[in-house]
Structures are given as C-alpha cells and as structure tokens.
Amino acid sequence: MMTMIRQKLLQKLKIIGLFYKNVVSYNLIFTAICVPCYRLAGLEAILPMFWIKFFGFALVAYMFYAFKARSLYFYYNLGFSLKRLLAIAIIIEAASYLLLIRAGLYFLKT
Amino acid sequence: MTKHLLEIDSVILRYGERDILSNVYLKCETGELIALFGRNGAGKSSLLKLIFGSLHGESQSVRIDKKYHHQLYTTSGNIRFLPQSGLLPGNLKVAKAINFFVGPSNRAALMEDPYLAPNVNERVGVLSGGLKKYLECLLIVYSNVKFVLLDEPFTHVSPIMVEVLKSHLLKQSAGKGIILTDHLYEPLLDISHRMYLIEQGRTVSIEQRDDLIARGYINP
C-alpha cells in the first residue's frame, strides 16, 4: 500500500517536473533579467523584480495557452486540471523568486 | 465484472451565432465500442471534449453511473481522451510515456509490442507520425480507466497498423467503454457495437452502412 502511494506521488512529481521543463522554464528568462537588477540596485530592486516576474509569468502563461494549449491534454489525461497546473507554476515561480532574493542577500553580504 | 454507464445529455454548445450541438443524448456502457460519424465541423471532437470535461458549453450533463461530473477528467480512474492533435510532448521517452499512462499489468505487453519495442528508448519526437499516433492510441486504450475517448485514432496510421489497432480496441473494449470517431469509417463499421451520426447538432442512431449513405455522409 505504502509502495503504491509512494509510486503515485513520485509519478506526480515527475509529471510536474515535465510541466516545469516544457512550460514554466521559459520564465527563467525573466528570472535572469532580475539578477543584474538586483546586483545594481540591491534591496530596492525587490518591487520592480516582483513585477518583472509577475508580468513575465503572465506573458508565458498567455503565450502557452494561445499557441500550445493542445499540449495540455497530456496533463489533463494524467489528472491535472488547468487550475492545478497554474497553481503549481505559481508556487514554483514564487519559490524561485524567494530563492533569488535569498541568494542575492547572501552575495550582497559577502 | 461490474458494468458502468457513461451518459451525456442536455448539451447546448454554440460558437458565436452558430449552434454546434443542441439535442445530443449519448450513452456508453463498459464493454461497448461506440462509433461517432459526422461531417467536418459537425461537432464530433467538441462532443468528446464535452464528455472529457475540457470544454464546457452553455449546458451539458455528463454522468457516470448516474453521478454528475463537471470536469470528468479530474476524477481518478474514469476517463482518458486521445485528442486529434496528438497527446505526448516530443521530448518524452516512449518507455516513460508507457509508465505514465499504463498500469503495471499492461506495461510489459506494450513494451514488447512489435512496433514499439524497437523504439522504447527513443524520444516521442523522433517517431514517425503514424507510429506516434499508434503509441498514443495504445497508451489511452490500455489505461486503467472505465471509459476511453478517441478522436481520429486511425488517421495517419498505415493500413496494416489500423488492423492491429482494431484488434487492440476490440480486446480492450471487453473491459471498458470506448467512444471513437474517425473519417476513416470502414474500420469503425467493422468494430463498433453501436453507431451514431451527428447531424445538425443532434445524434442520430445508425444501424448500417446504408444509413450513412441515406444521410449523405458517404457515397453509395
């Protein structure tokens, strides 16, 4: 029973990984744009960086839905709704934003 | 084996001013293979998407064993759908795709399939169009679910593979309900237990090939 639950969980994580690789990873471009902003302006760049990430995410999500919506059927068939996929993407993006700030703070101190 | 019943009715689907589906009733029991015919734009794909739950019209009622589902695909173990446009991302390996879609009991059969076995370590993107469709169709058909929807499973597939697919569909229809549509109507006439034609937004029951001729779907 436990093995089955673990296997199901592992499979879900693999699907999320694939979703990140195929869809959300495009948003890394906007994360990359944030890095020099942070280096130049430090903590003052947090708000502009948030908006860069926010609009970047919205743009990527829109482009994907407009041009590659058909590929969502792969995820639908595996039980992931659009809302759930969006929620996952937002969580990953928020985590990467916080990680970026944390890393930035570390490098500013050193 | 417990029988299950999938039903859809009360469908109203419009695109702009155009009524696509308006008076549809369709039911499918596990153990049945149902064919849907219809001209281009008749609403076949839309009907399958409505059942699957990825499309919503002005109204529809999709039920399994009398229980209403707003988005059937989000419920576990009920339904899978092969869309006309394809299913798998190109960077996914065949073996991984089989693991994602098919339960342990059927995995070996697919891994050893004569057409798939030489390609299990390849990425889906390098497969030919026909082989990709064949793989996607088998993944859906061998899924551990009660109902399966297939939109044009025979299109782009070679005649010999169509015969193989037919035998897989017949074999799997013993344990699940299958609804499929394709403009290659001959294979559908061969294997389906019941047939419907979508005409002016309604489903019309078809008994035999002559009915399709009489309704102007195919030439005599």
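Residues numbered from 1 in each chain as written. Chains lettered and ligands numbered in written order. Predicted model: local features only at pLDDT ≥ 70, side-chain atom pairs only at ≥ 80, totals over all residues. Heavy atoms only, no water.

- As recorded in an unreviewed UniProt entry, chain B goes by ATP-binding cassette domain-containing protein and comes from Agaribacillus aureus.

Remarks on the layout of surface pockets
(1) Moving on: Estimates place the volume of the largest pocket at around 990 Å³.
(2) Moving on: In terms of lining, the largest pocket is formed by 34 residues, of which the most central are Lys8(A), Gln11(A), Arg80(B), Asn99(B) and Phe100(B).
(3) Moving on: Looking at the lining of the largest pocket, the elements with two or more residues in it are α1 (2-22) and α4 (72-77) of chain A together with β7 (79-82), α2 (94-101) and α3 (104-111) of chain B.
(4) Moving on: It is α1(A) that provides the largest number of residues to the lining of the largest pocket, a total of eight residues.
(5) Moving on: Residue classes in the lining of the largest pocket are distributed as 13 nonpolar, 14 polar and seven charged.
(6) Moving on: When its volume is computed, the second largest pocket comes out at roughly 240 Å³. (1 Å grid on protein atoms, 1.4 Å probe; cavity = no way out; pocket = protein on both sides within 12 Å on 5 of 7 lines; lining within 4 Å. Points joined across faces, edges and corners; volume = space filled by probe spheres on them. Helix = DSSP H or I, 4+ residues; strand = E, 2+ residues; numbered from the N terminus. Nonpolar A, V, L, I, M, F, W, Y, C, P; charged D, E, K, R; others polar.)

A look at the nonpolar core
(1) Moving on: Core analysis: the largest hydrophobic core is formed by 95 residues, its most contacted members being Phe37(B), Ile51(B), Leu88(B), Phe101(B), Leu150(B) and Ile179(B).
(2) Moving on: Of the residues forming this core, the biggest block, eight residues, is contributed by helix α4 (residues 129-141) of chain B.
(3) Moving on: If near-sequence neighbours (up to four positions away) are discounted, Phe101(B) is found in contact with Phe74(A), Asn77(A), Leu78(A), Arg80(B), Leu87(B), Leu88(B), Leu139(B), Ile140(B) and Ser143(B).
(4) Moving on: Grouped together as the second largest cluster of nonpolar side chains are seven residues, Cys34(A), Ala45(A), Leu100(A) and Ile101(A) included. (Core = buried A, V, L, I, M, F, W, Y, C linked by side-chain atoms within 4.5 Å. Buried < 20%, exposed > 50% of the residue type's maximum accessible area, 1.4 Å probe, protein only. Contact = heavy atoms within 4.5 Å.)

So, the UniProt feature "domain: ABC transporter" (unreviewed entry) in chain B
(1) Moving on: The sites that carry the UniProt feature "domain: ABC transporter" (unreviewed entry) are, in the present numbering, residues 6-218 of chain B.
(2) Moving on: Secondary structure over residues 6-218 of chain B splits into 31% helix and 27% strand, and the C-alpha atoms at its two ends are 29 Å apart. (UniProt positions renumbered as here; feature names shortened; annotations may be inferred.)

Quick word on the side chain of His4(B)
All names here are of chain B.
(1) Moving on: For histidine 4, the position within the fold is in the segment before β1 (5-15).
(2) Moving on: Here aspartate 65 takes part through its side chain, which lies 2.7 Å from a polar atom of the side chain of histidine 4.
(3) Moving on: If we ignore the near neighbours within four places in the chain, the residues touching histidine 4 are Cys28, Glu29, Thr30, Asp65, Lys146 and Phe147. (Polar contact = N/O pair within 3.5 Å; in protein donor to acceptor, adjacent residues only side chain to side chain.)

Here we look at the sheet that holds strand β4 (residues 33-38) of chain B
Residues and elements named next belong to chain B.
(1) Moving on: Across the sheet, which stays open at both edges, the six strands sit in the order β7-β8-β9-β4-β10-β11 with mixed pairing between neighbours. If you trace the sheet from one side to the other, it starts and ends with β7 and β11 (202-206), each paired once. In this sheet, neighbouring strand axes are inclined to one another by 20 degrees on average, regardless of whether the strands run parallel or antiparallel.
(2) Moving on: Strand direction decides the pairing type here: strand β8 (residues 147-151) and strand β9 (residues 177-181), joined by five bridges, are parallel. Residue pairing in the sheet places leucine 149 in a bridge with isoleucine 179 of β9.
(3) Moving on: Relative to β9, helix α5 (residues 159-173) is tilted by about 145 degrees, and along the sheet it contacts β4, β8 and β9. (Pairing = 2+ DSSP bridges. Axes fitted to C-alpha atoms, helices over the stretch in contact; angles between N-to-C directions.)

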